Amino acid sequence: MRILIAILSGAALACSAALTAAAAPPASPARSAEPSSAAGFGWPLAPPPAVARPFEAPDSAFGPGHRGVDLVGEAGQPVLAAADGVVVHAGWLVDRAVVSVEHAGGLRTSYEPVAPAVAAGDRVARGQVIGHLEPGHPGCAHPACLHWGLREGERYRDPLELIAPGRVRLLPW
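Summary of the structure given here. Keep in mind it's a predicted model, so treat the numbers as computed, not measured.

**Looking at unusual backbone geometry**
Logical step 1: Look at the link from Ala46 to Pro47: it is a cis peptide, with omega at -5 degrees.
Logical step 2: Structurally, the position occupied by Pro47 is in the loop between helix 1 (2-23) and strand 1 (50-53).
Logical step 3: At Val94, a residue that is not glycine, the phi angle is positive and equals roughly 60 degrees.

Below, the structure written as structure tokens:
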């Protein structure tokens, strides 16, 4: 039964990614609409983690959805910048610690709950420690999960698009 659930979850994630890509606006000639690991992005946790909860695109700006992915980690684990960029926020946002990094091409990644090791304005490189994972992410069935988000302008995207296909592992629910 767990294998069937994992297969169905993977198929649903692949369909969701295909529908998201099909609905994306065409790329401008200056840059690609779909970044990849070849564009300098990597996992924010090492080794590559399991996905506890996938991305669920909202139907509208304020509609329900899951605007990122939850990755299984360990409390205190180093959180890494997914790519080169500039830290635009590092600290408390409402009720949790968040780090946000602006990247080339108008992409912004966010990481929570993270005790920051960087400050706003810092330049970071792919793989650089930007903080340490804190326990207790809401809705995560594991002791520690990293919520990793991706925005392009005002549009939320699936951050797993940044990672080479075939490396995502879904946990059975």
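**Here we look at the pairing of strand 5 (residues 96-102)**
Logical step 1: Counting buried positions along strand 5 gives 5 out of 7 residues, so the element sits mostly inside the fold.
Logical step 2: Note that strand 4 (residues 85-93) and strand 5 share 7 bridges and pair antiparallel. By the bridge assignment, Trp92 is partnered in strand 5 with Ala97.
Logical step 3: Where strand 4 hands over to strand 5, the hairpin turn is made up of 2 residues, of which Val94 adopts a positive phi near 60 degrees.
Logical step 4: Where strand 5 lies against strand 6 (residues 107-112), 4 bridges are found, and the strand directions are antiparallel. Looking at the pairing, Ser100 lines up with Ser110 of strand 6.
Logical step 5: The antiparallel pairing of strand 5 with strand 6 creates a hairpin that spans 4 residues between the two strands, and Gly105 there sits at a positive phi of about 80 degrees.

Calculation notes
- Residues numbered from 1 in each chain as written.
- Predicted model: local features only at pLDDT ≥ 70, side-chain atom pairs only at ≥ 80, totals over all residues.
- Heavy atoms only, no water.
- Helix = DSSP H or I, 4+ residues; strand = E, 2+ residues; numbered from the N terminus.
- Buried < 20%, exposed > 50% of the residue type's maximum accessible area, 1.4 Å probe, protein only.
- Pairing = 2+ DSSP bridges.

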